[in-house]
Every structure is written in structure tokens, then in C-alpha cells.
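Each chain is listed here by its residues.
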Protein chains: 2
Amino acid sequence: MVDDVVRELGYLTLGSRFRRIGERLQSEVQQVLDELGLPVQSSQLPALAAVDRLGPLTVGELAEAVGITQPGATRLMTQLSESGLVDVRQSSEDQRRRLISLTDKGRQLVETSKRDVWPRIDTAVAEICADLTGPLLEQLTAIEHHLEATPLHRRIARQPHDQPSA
Amino acid sequence: MVDDVVRELGYLTLGSRFRRIGERLQSEVQQVLDELGLPVQSSQLPALAAVDRLGPLTVGELAEAVGITQPGATRLMTQLSESGLVDVRQSSEDQRRRLISLTDKGRQLVETSKRDVWPRIDTAVAEICADLTGPLLEQLTAIEHHLEATPLHRRIARQPHDQPSA
DNA sequence: CACAAATACATAACTAGTTATATAATGAGT
DNA sequence: ACTCATTATATAACTAGTTATGTATTTGTG
């Protein structure tokens, strides 16, 4: 049995740890979507939900709603469009902008998912987090706010310059 | 201001949310390493620490120690070797296995990092998590254990088949 | 001793993002 | 009216992983 070095290093490797848990969760949600016959990638769920709730959206708004960069949002939009789930049109007010909305097919998929699938996934993931000693989702919100407020390198710049404790 | 749909969806999109926080943290640690002139990727830190602590390691052991798949560990090993930080030799006992150990250069980088850099990163990330209302690192350990114990699709399979609450 | 199964790793192809840069359109200032 | 700065998006190249598959070696069984 090999030690889990990422767990042991704690805060130093927190980024790697968050990523691996994120990938694991995305992969397991993907398996569930496949078993239930839903033709979407788990990474597309946030975008579908965003367009459903807030649509029509521009590419920039989609990026912001999902919390990814603009090229990432372009890529997601392209995938969903190729799957026939969203429609992309140029804005009549600003030709630079493109407006993303659900197609009939997309709307139907989202409606049936909201009724039959997403609550089951939500419940199963909530079950994993049920016995945690603290409100995980709020803590994640706090972490994201703190990162937004003061990036790491500024926190390090204001540390005292004596040697860290031995 | 666009709503943060990933935050609003909570458990359903927890995988995406973990990934984005993980990527954000890795990116910010990377910026710090660049500013301090350390010639490593933040994603390589866990592997360097693993080889330092447990070395020599096989590729499979490195994968396990860092919590990634075997091809991912091969890729990491190749990067570190190309940077001159680790040495890779074939095991004399089992020709299938390769043994990874720190080079002099790698050992030196790890020693100075342990003294001068890693504690500062650890402290800065700990500061971000200082006011959380729960023990984050323990919560992550619990989540990983629960995922290990019962994958999502089995949790969903055992849910009652009546409609989830409206 | 021979063969099949298992194991260890490398490689190809892919996912899910990122950063850097290019292009087109809009808006502000003179 | 023109020019330059800004904005919106697309594309290229990249990172940090994954899954699938292939090859080489070891182990177990008959």
C-alpha cells in the first residue's frame, strides 16, 4: 500500500486534490448519464442549465455563468450546437455577439432531465457529502470568494520574509 | 452580472466546481513558482514529493501515491526525467518495472523547496481556508472514501424508483 | 516444459479545460 | 468623418489529466 502523498501534503497540493476529486465526480456522473441513456457529457450539464435558466446567452455570458474562460465557452457551445441541443445566432444589435438558446430538442432533454435525472444525481452526490462536518457548498463559495479577493501570490508577497517555521 | 450556475446547482455540478477550483489553485500556485524562479509545474509537486518521500518508486507506485492513472504517471515521470529532476532505471528484479528516483539536481530542488517555498505556499492556501466552518481536508478525505466505497451509479441504483420530490 | 493469464508500462487518442493570439465589430475622442 | 482603443469571439497551441490498446515480461497451471 502506497501513501497518498496528495492527501498527506494537505494545503500545498490542494489544487491537485480538488482536480482529482472533480474529475472523479465528473467521470462517475458521466457513467450514470450513459446508463440512463442521456446523450450528454457531464461537463455539459452546467452549460445546458445556464442556457435553460438565463438564455439566450452570449458566449461571454455562458463563460461567466459556468465559470470557465471564453475559449472554453466557445468550445462548449460548439459541442452543444453539433449535438443539436442549442441554436446559435448572431445578435442583431452587435454583430460580434452570438446568442445561444436551446433548440426544441435541447429544451425537451433539459425538461426530462430536470424531472427524472438531475434530482437523482443531486441526491446521490448529497448522500456522499451527508456526513461531512460542515457545509461543504458554503465553504466552496468562501474559498472562491477568497481567491477572487486576494490571489495567492499577493498573500505570499505579504508574508513576513523570515524563514518559515522549521 | 451573470449568475454562477455551477454554484447555484450545488451537488449536481459539484464535479465541475471542484475542477474549476482545482484548476484555479494549480494556476495560482504556478504563478507563485514562476515568480520564485522554480523550474517546475505545480502539477509536478505531488510527484516530486512522492519520489522524495517514498523513492525509488515504480510507475505504478507513483500513480498510486499521486492519485492519477498509470499513463498519467508515465507522462509525469517523462517530464521530470526530461527536466533532469529524476532518474529512471529498469528494475533488476523485474524488467517490466522502472524505478524512479531523484537526481542530485532533483534532490537539491526538493530540499530548497521544502525549506523556502512549500511552507509559504502551504501557509497562503491555509489562509484562504482559515475561516471555513468545517475541516476541509478531512471533508475531502471523507468524500474520497465514500466515492471509493460506493460509486455513484450504485447509489442511484438503490434509490427508490418513485419520482424524486418535485 | 509449454502455454495462458496476469502484470507493468508505453503509446494513441481523447476530454476538459487553459493561455496566447488573430480577426471583426463597436464605441469614444478629436 | 476618421482613427484608435476596446470588446466579442474564434482559433491555435498547450496543460493535465483520462480511457483504450499494444507490447514485453513474469507467474501460475497442467
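Residues numbered from 1 in each chain as written. Chains lettered and ligands numbered in written order. Predicted model: local features only at pLDDT ≥ 70, side-chain atom pairs only at ≥ 80, totals over all residues. Heavy atoms only, no water.

As recorded in an unreviewed UniProt entry, chain A goes by MarR family transcriptional regulator and comes from Mesorhizobium retamae.

Just checking my understanding: could you explain the environment of V88 of chain A for this structure?
Residues and elements named next belong to chain A. Mapped onto the fold, V88 is located in strand β1 (residues 86-90). In sequence terms V88 and P56 are 32 residues apart; their C-alpha atoms lie 9.2 Å from each other. Discounting chain neighbours no more than four positions away, the residues touching V88 are M77, S81, R98 and L99. (Helix = DSSP H or I, 4+ residues; strand = E, 2+ residues; numbered from the N terminus. Contact = heavy atoms within 4.5 Å.)

Can you walk me through the nonpolar core in this structure?
A general trend in soluble globular proteins is that nonpolar side chains are found buried together. Counting 100 residues, the largest nonpolar core has F18, L62 and I143 of chain A together with F18 and L62 of chain B as its most contacted members. Taken domain by domain, this core gets at least three of its residues from each of domain 1 (1-37) and domain 2 (39-117) of chain B. For L62 of chain B, the residues in contact, after removing those within four places along its chain, are A47, A50, V51, L57, A73, M77 and I100 of chain B. (Core = buried A, V, L, I, M, F, W, Y, C linked by side-chain atoms within 4.5 Å. Buried < 20%, exposed > 50% of the residue type's maximum accessible area, 1.4 Å probe, protein only. Domains from an automatic or database assignment.)

Sorry, what's going on with the relation of the copies chain A and chain B here?
Two copies of a chain can be linked by a rotation about an axis combined with a shift along that same axis. Superposing chain A onto chain B takes a rotation of 180° plus a shift of 0.0 Å along the axis, which leaves an RMSD of 0.1 Å. Here the two chains are linked by the operation of a two-fold rotation axis. Of the interface residues in chain A, 100% have counterparts in chain B that sit at the interface too, so the contact is made through matching surfaces. (Least-squares fit on C-alpha atoms with pLDDT ≥ 70 in both.)

Would you mind showing me how to read the packing of helix α3 (residues 45-54) of chain A against helix α4 (residues 59-66) of chain A here?
A pair of packed helices is characterised by two quantities: the angle between their axes and the separation of those axes. Residue and element names in this part refer to chain A. Running from amino to carboxyl end, α3 crosses α4 at an angle of 115°, the nearest separation of the two axes being 10 Å. As α3 runs across α4, the sense of the crossing is right-handed. In this structure, α3 contributes P46, A47, A50, V51 and L54 to the contact, and α4 contributes L62, A65 and V66. Grouping the constituent residues of the contact of α3 with α4 by class yields 8 nonpolar, no polar and no charged. (Axes fitted to C-alpha atoms, helices over the stretch in contact; angles between N-to-C directions. Left-handed = near helix turned anticlockwise from the far one by under 90°. Nonpolar A, V, L, I, M, F, W, Y, C, P; charged D, E, K, R; others polar.)

Would you take a moment to explain the protein's contact with DNA strand D for this structure?
Around DNA strand D sit 22 residues, and of these Q70, T74, R96 and R98 of chain A together with T69 of chain B come closest. Within the side chain of T74 of chain A, one N or O atom sits 2.8 Å away from a phosphate oxygen of DNA strand D. In the surface near DNA strand D, the residues fall into 5 nonpolar, 9 polar and 8 charged. (Near = heavy atom within 4 Å. Polar contact = N/O pair within 3.5 Å; in protein donor to acceptor, adjacent residues only side chain to side chain.)

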